[in-house]
Amino acid sequence: MRFEILRLDDIDGTPVDRTVVDAASVNRIVQQAAAIGQRIWIRPAETSAS
């Protein structure tokens, strides 16, 4: 499963950066964001039908 991670602006919470990662990478990104106090939003990545 893949997840979309949005980094949020500290002032108004608008997304400033977006990345899509696999499930194994989510924990590392959450740990990094927590260490520096960064706000993030994680949601399942949309999949396109082929």
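Residue positions are given per chain, counted from 1 along the sequence in the order it is written. Local features in this predicted model are restricted to residues of pLDDT 70 or higher, and side-chain atom pairs are both shown and tallied only at a pLDDT of 80 or more, whereas totals for entire chains, interfaces and linings draw on every residue. Excluded from the side-chain calculation are hydrogens and water; included are all heavy atoms of the structure.

### Quick notes on the side chain of Glu4
Note that Glu4 resides in strand β1 (residues 2–8). Think of it in three bands: with a 1.4 Å probe and only protein chains considered, a residue is buried below 20% of the maximum accessible area for its type, exposed above 50%, and partly exposed in between. What makes Glu4 buried here is its relative accessible area of 8%. Here a polar contact means two N or O atoms within 3.5 Å. Within protein one must be a hydrogen donor candidate and the other an acceptor candidate, and residues neighboring in sequence count only if both atoms are side-chain atoms. Side chain to side chain, Glu4 and Arg18 meet in a polar contact 2.4 Å long. Reaching out from Glu4, the side chain makes a polar contact with the side chain of Arg43 at a distance of 2.6 Å. We call two residues in contact when some of their heavy atoms are within 4.5 Å. Ignoring any residue separated from it by four or fewer positions in sequence, one finds Glu4 in contact with Arg18, Thr19, Val20, Trp41, Ile42, Arg43, Pro44 and Ala45. Comment: elements are numbered from the N terminus, with helices defined as DSSP H or I runs of at least four residues and strands as E runs of at least two.

### Here's the deal with the nonpolar core
The nonpolar side chains of a soluble globular protein tend to be buried, and buried together. The term nonpolar core refers to a set of buried residues drawn from Ala, Val, Leu, Ile, Met, Phe, Trp, Tyr and Cys, joined through side-chain atoms within 4.5 Å. In this structure, Phe3, Ile5, Val21, Val26 and Ile29 together form the largest nonpolar core, which totals five residues. Residue assignment for this core shows that the elements contributing at least two residues are β1 and α1 (23–36). Discounting chain neighbours no more than four positions away, the residues touching Ile29 are Ile5, Arg7 and Val21.

### Regarding the environment of Ala33
With respect to the helices and strands, Ala33 occurs in helix α1. For Ala33, a relative accessible area of 2% puts it in the buried group. Discounting chain neighbours no more than four positions away, the residues touching Ala33 are Gln38 and Ile40.

### What to know about the environment of Thr14
As for its placement among the helices and strands, Thr14 is situated in the loop between β1 and β2 (15–22). Between the alpha carbons of Thr14 and Arg43 there is a distance of 15 Å; along the sequence they are 29 residues apart. Discounting residues that sit within four places of it in the chain, Thr14 has contacts with Arg7, Leu8 and Asp9. Looking at Thr14, its side chain comes within polar contact range of the side chain of Asp12, at 2.9 Å.

Remember that the coordinates give geometry; whether it matters functionally is a separate question.
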